[in-house]
Amino acid sequence: MNTKDSVKYKKYPILMKFIMIIVILLIGQFAYRLFDIVFGPIQVDGLDLKFFFDLGFVLLIVAPVILIFLKQTQHHLNEIESHEQFMESIFENMYEGFIVCDQNGNLTRTNSKISEYIDLEYDDYIPFEKWTSYVQYFDPETNELLAPNELPLIRALNNEKVKDQQLLAKSENGVNKYLSVNAKCLKDHKGRVIGAFSVSHDVTDQVETKRRIKQSEEQYRSLIELLPDAVIVQKDEKIVFANDRAREMLGGQSVEDIEGKPIYDFIQYGYEQNLMTWIDEEGMNARFPKPVEQKIVSLDGRERDVESVGVPIVFQGEPCILTIDRDITERKEIEQALTETRRQYQVIANNMNDLIAIVNKDGKIVYSSPSHNWFLGFSHEEFEGNDALSFVHPDDQDVMKELYYNIMATGVTQEAEYRIRHQSGKWLWIQVKASPLFNEEHFDGAVQLPDEILLVSRDITERKELEEQLRHMAYYDELTELPNRQFLEDHMNRLMAKSKRHGENISTLFIDLDGFKIVNDQLGHDAGDELLKVISSRFVNNLREEDFIARLGGDEFIVVLEDESEEGTVGAAQRIIESLSKPIKIKGEEVQISPSIGISMYPKDAKDMDTLINKADHAMYVAKSKGKNTYQFYRTDLPKVQDLNVNPITKILNRFKRD
């Protein structure tokens, strides 16, 4: 068999095998006839063997053909099932809502996204009465309740093709969503309608944006009406908009007297060439068009000298020219014309901007959607064939590895958040939903392993940056950048749990600044703030890396020493006293303060944070009563705070600042 015949055989395997069987049959029949002619008919016990001989050859043909057909059919069924699972995975992970209903309007299939849109729990079958009564649908333009026959699915059941119908869905629990819906009917092979399907896209942000744009447009229109100059919008040399000043300048009693008239009807003969020259030579491409001086003639015959500046705009969806005309008859000395810019409407694309990628078992990218190019700056060639892990931030690679391992081990969809590299070198945060893709022909014993992983990602960089800002605001003091009381509570709770397991001590130092109020009163609050910043930096420089410092408020601080003995705590207190007692120059003035320090120990003095702080506070007042600039450990025999020689007003103020 030559090469050409071999190619034909591979292209038509079943046909070639069938032809070979026919050839074998013909050869067998020829051999039998030749034997019959030479030796005569063969009979055994009166039976003619020719019948059995023919039957055998028939079975020889039919049996292989049936076996080949069954094998090919099973192969195609496996391919169809694999494709269906692939499509099902995309269906469940798409960011659009998908609904299928029967001919009676009962929902027979929805994906998980539709539950977010209309807050309707997914079920295999949702009756028409349930989904139309639990959720109310309104026309977003008129805010009128839509009747059932006006809904996209029901319209599609009536053989209407619904494209981009917008509606407002209001669920009973208060979830409101603006949706853009496409719907189409489903027909059987006889052309009868058997159901319908719809694809819904959340356009709440777009609708709100359009509302803001409309409001902004109205504000601009009001602003234009208040301008002292004439504003004219022309299309195809006809006036389509004129403000009140333009009406007055052109001599109209109302705007209707002006709109619709050719612009050149108001330009004195000989001056119209100035405007046409600007349109023809500089035209729509002029970045900074020069003012054009011309003479206009109003409807009442008055002549005016005006200076006009024209810019191309989009007005009511059409390209137009806007001119600002200033009456320079009496105002020749004005040096430049008013330049106004209008915000261009940003068209929001109705396509999916998410990143879609497929990664094989080896972690190599085998497919990347076009959105990778504009989102990350990489081409398809730079993505596909490369290790997906190479694009992930080094600190987040363990997150991605765990995601892959969990999917490969369980075959269950996983979600994660990690940073991915942009071509420019910066890192962007993405939220990833990863789903397994299966090949039905590959099994590992009784457990089916995914062959590939589908990744659907979206940009969450802004959200992460906002979360980081909020976290910093929640846990750090705004003035000193030291941890605040909330951070202190979290840290103490973790530290006490650890110390309880390992039998370690915790030293809590309550520090109050002596003399701070004097600086605040004499030099002002700005000086007090600057002093607190200097004190904070001295705390940081005189403590170990594992030690913790927080500002409670005002001039009160808490220092937490982990696994420190009483002797070590004394050393830390002495270092703090020595450091804070050194003179500080604020606003050209040298000031000096000193700390009073109260100390409590965990677990000896208390086993919860509030009690530890209260006892350290008690000890601090004792230290302050001893002459300040010293420290005092808490003891049960310490005098009560109210018995100490401390200004009671100071006590109240300190409590107020702390709270």
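Conventions used here
- Residues numbered from 1 in each chain as written.
- Predicted model: local features only at pLDDT ≥ 70, side-chain atom pairs only at ≥ 80, totals over all residues.
- Heavy atoms only, no water.
- Helix = DSSP H or I, 4+ residues; strand = E, 2+ residues; numbered from the N terminus.
- Buried < 20%, exposed > 50% of the residue type's maximum accessible area, 1.4 Å probe, protein only.
- Contact = heavy atoms within 4.5 Å.
- Areas by Shrake-Rupley, 256 points an atom, 1.4 Å probe, with all protein chains shown as cover.
- Axes fitted to C-alpha atoms, helices over the stretch in contact; angles between N-to-C directions.
- Parallel < 35°, antiparallel > 145°, perpendicular 65-115°, else oblique.
- Nonpolar A, V, L, I, M, F, W, Y, C, P; charged D, E, K, R; others polar.
- Core = buried A, V, L, I, M, F, W, Y, C linked by side-chain atoms within 4.5 Å.
- Lys, Arg positive; Asp, Glu negative; His and termini not counted.
- Salt bridge = Lys/Arg side-chain N within 4 Å of Asp/Glu carboxyl O.
- Polar contact = N/O pair within 3.5 Å; in protein donor to acceptor, adjacent residues only side chain to side chain.
- Pairing = 2+ DSSP bridges.
- Patch = residues over 30% accessible without salt bridge, like charges linked within 9 Å, V, L, I, M, F, W, Y side chains within 5 Å.
- Charge placed at Lys NZ, Arg CZ, Asp CG, Glu CD.
- Expected span 1.5 Å × (residues − 1).
- pLDDT = per-residue confidence, 0-100.

Along its length, the chain carries 19 helices and 25 strands. Within the chain, the fraction of its 659 residues that count as buried is 40%. Looking at the chain alone, contacts between residues at least 24 apart form 52% of all its contacts between residues at least 6 apart. Total accessible area on the chain stands at roughly 38700 Å², and carbon and sulfur atoms take up 52% of it.

Packing of helix α14 (residues 485–502) against helix α18 (residues 609–625) brings their axes to within 10 Å, and their N-to-C directions diverge by 110 degrees. As judged from the angle between their axes, α14 and α18 are roughly perpendicular. Every residue of α18 that contacts α14 at Arg 485, Leu 488, Glu 489, Met 492 and Met 496 is listed here: Met 609, Asp 610, Leu 612 and Ile 613. Considered class by class, the residues forming the contact of α14 with α18 number six nonpolar, no polar and three charged.

Once that is clear, we can look at the nonpolar core. Leu 509, Ile 535, Phe 539, Phe 557, Val 559 and Ile 576 are the most contacted members of the largest nonpolar core, which has 30 residues in total. Secondary-structure elements contributing two or more residues to this core are β19 (506–514), α15 (516–523), α16 (525–541), β21 (556–562), α17 (566–580), β22 (584–586) and β24 (594–602). Those residues in contact with Ile 535 that sit more than four places away from it in its chain are Leu 513, Phe 557, Leu 580, Ile 584 and Ile 593. Grouped together as the second largest cluster of nonpolar side chains are 26 residues, Phe 548, Tyr 602, Val 641 and Leu 644 included.

Moving on, we get to the side chain of Asp 102. The residue Asp 102 is located in strand β3 (residues 97–102) in this model. Buried within the structure, Asp 102 lacks any salt-bridge partner; its nearest side chain of opposite charge belongs to Arg 109, at an N-O separation of 14 Å. A distance of 3.0 Å separates a polar atom in the side chain of Asp 102 from the backbone nitrogen of Asn 104. Those residues in contact with Asp 102, other than ones at most four positions away along the chain, are Thr 108, Tyr 125, Leu 157, Ile 194 and Gly 195.

Let us look at unusual backbone geometry. Looking along the chain, the bond that leaves Tyr 602 and enters Pro 603 is cis, with omega of 0 degrees. Positive phi, normally seen in glycine, also occurs at Lys 628, with a value near 70 degrees. For Asn 629, which is not glycine, the phi dihedral falls at a positive 55 degrees. Mapped onto the fold, Asn 629 is located in the loop between α18 and β25 (631–633). Under the relative-accessibility criterion, Asn 629 is labelled partly exposed at 34%.

In this section: the sheet that holds β25. Read across the sheet, five strands follow the order β20-β21-β19-β24-β25 without closing on themselves; strand pairing throughout is mixed. Two strands bound the open sheet, and with one partner strand each, they are β20 (548–553) and β25. Between one strand and the next, the sheet's axes are offset by a mean angle of 20 degrees, whatever the strand orientation. Where β19 meets β24, nine bridges bridge the pair, whose relative direction is antiparallel. The residue bridging Asp 514 from the neighbouring strand is Ser 594, located in β24.

Secondary-structure assignment places Ile 535 in helix α16. For Ile 535, a relative accessible area of 0% puts it in the buried group. Expressed as a C-alpha distance, the spacing of Ile 535 and Leu 513, which sit 22 residues apart in the sequence, is 9.4 Å.

Right, let's get into the environment of Leu 299. Take Leu 299: it is sitting in the loop between β11 (292–297) and β12 (303–315). Along the backbone, Leu 299 and Gly 251 are 48 residues apart, and their C-alpha atoms lie at a distance of 4.9 Å. Setting aside its immediate chain neighbours within four residues, Leu 299 contacts Leu 250, Gly 251, Gly 252, Asp 257, Ile 258 and Phe 266.

Attention now goes to the pairing of β20. Taken across its six residues, β20 has six buried, putting it largely inside the fold. The hairpin formed by β20 and β21 contains two residues between the paired strands, and Gly 554 there has a positive phi angle of roughly 60 degrees.

Here the focus is the sheet that holds strand β17 (residues 427–437). If you trace the five strands from one edge of the open sheet to the other, you get β15-β14-β18-β17-β16, paired in antiparallel fashion. The open sheet has two edge strands, β15 (365–368) and β16 (414–421), and neither has a second partner. The sheet shows a mean angle of 30 degrees between the axes of neighbouring strands, direction not considered. Across three bridges, strand β14 (residues 355–360) lies against β15 in antiparallel orientation. The residue of β15 that forms the bridge with Ala 357 is Ser 368. Of the strands in this sheet, β14, β16, β17 and β18 (452–459) are in contact with helix α12 (residues 397–410), which crosses β16 at around 145 degrees.

Within the structure shown, the criterion is met by 17 salt bridges. Note that Arg 419 is salt-bridged to Asp 396, the shortest N-O span being 2.8 Å. Within this pair, whereas Arg 419 is found in strand β16, its partner Asp 396 is found in the loop between α11 (380–383) and α12, the two being separated by 23 residues in sequence. The burial state of Arg 419 is the same as that of Asp 396; both residues are buried. For the salt bridge of Glu 564 with Arg 544, the shortest nitrogen-to-oxygen distance reads 3.4 Å. Pair noted here: Glu 564 is in the loop between β21 and α17 and Arg 544 is in the loop between α16 and β20, with a separation of 20 residues, a long-range link. In this structure Glu 564 comes out as buried when scored by relative accessible area, which is 15%. Several salt bridges share partner residues, and in doing so they unite Arg 544, Glu 546, Asp 547 and Glu 564 into one network.

Another aspect to go through is a positive patch on the surface. Positive charge collects at one region of the surface, where Lys 161, Lys 163, Lys 184 and Lys 187 lie side by side. Within the secondary structure layout, Lys 184 lies in strand β7 (residues 176–187).

We now examine the side chain of Ser 594. Here Ser 594 is to be found in strand β24. Setting aside residues up to four positions removed in sequence, Ser 594 forms contacts with Asp 512, Leu 513, Asp 514, Ser 581, Lys 628 and Asn 629.

This paragraph deals with a nonpolar patch on the surface. A cluster of nonpolar residues, Leu 466, Leu 470 and Met 473, forms a patch on the protein surface that exposes about 320 Å² of accessible area. When you line up the elements, Leu 466 lands in helix α13 (residues 461–475).

Attention now moves to α16. Between its first and last C-alpha atoms α16 spans 25 Å; for 17 residues at 1.5 Å apiece the expected length is 24 Å, and the two agree. Among all positions in α16, only Ala 527, Gly 528, Leu 531, Leu 532, Ile 535, Ser 536, Arg 538 and Phe 539 are buried.

When pLDDT is low, close inspection of the predicted coordinates is not appropriate. In this model, the chain carries an average pLDDT of 76, and 74% of its residues clear a pLDDT of 70 or more. Considering only residues more than four positions removed or in separate chains, one finds that residues 1–11, a stretch of pLDDT under 50, has five contacts. Overall, residues 333–351 carries pLDDT values under 50, and its contacts beyond four positions in sequence, including any with other chains, amount to 19 contacts.

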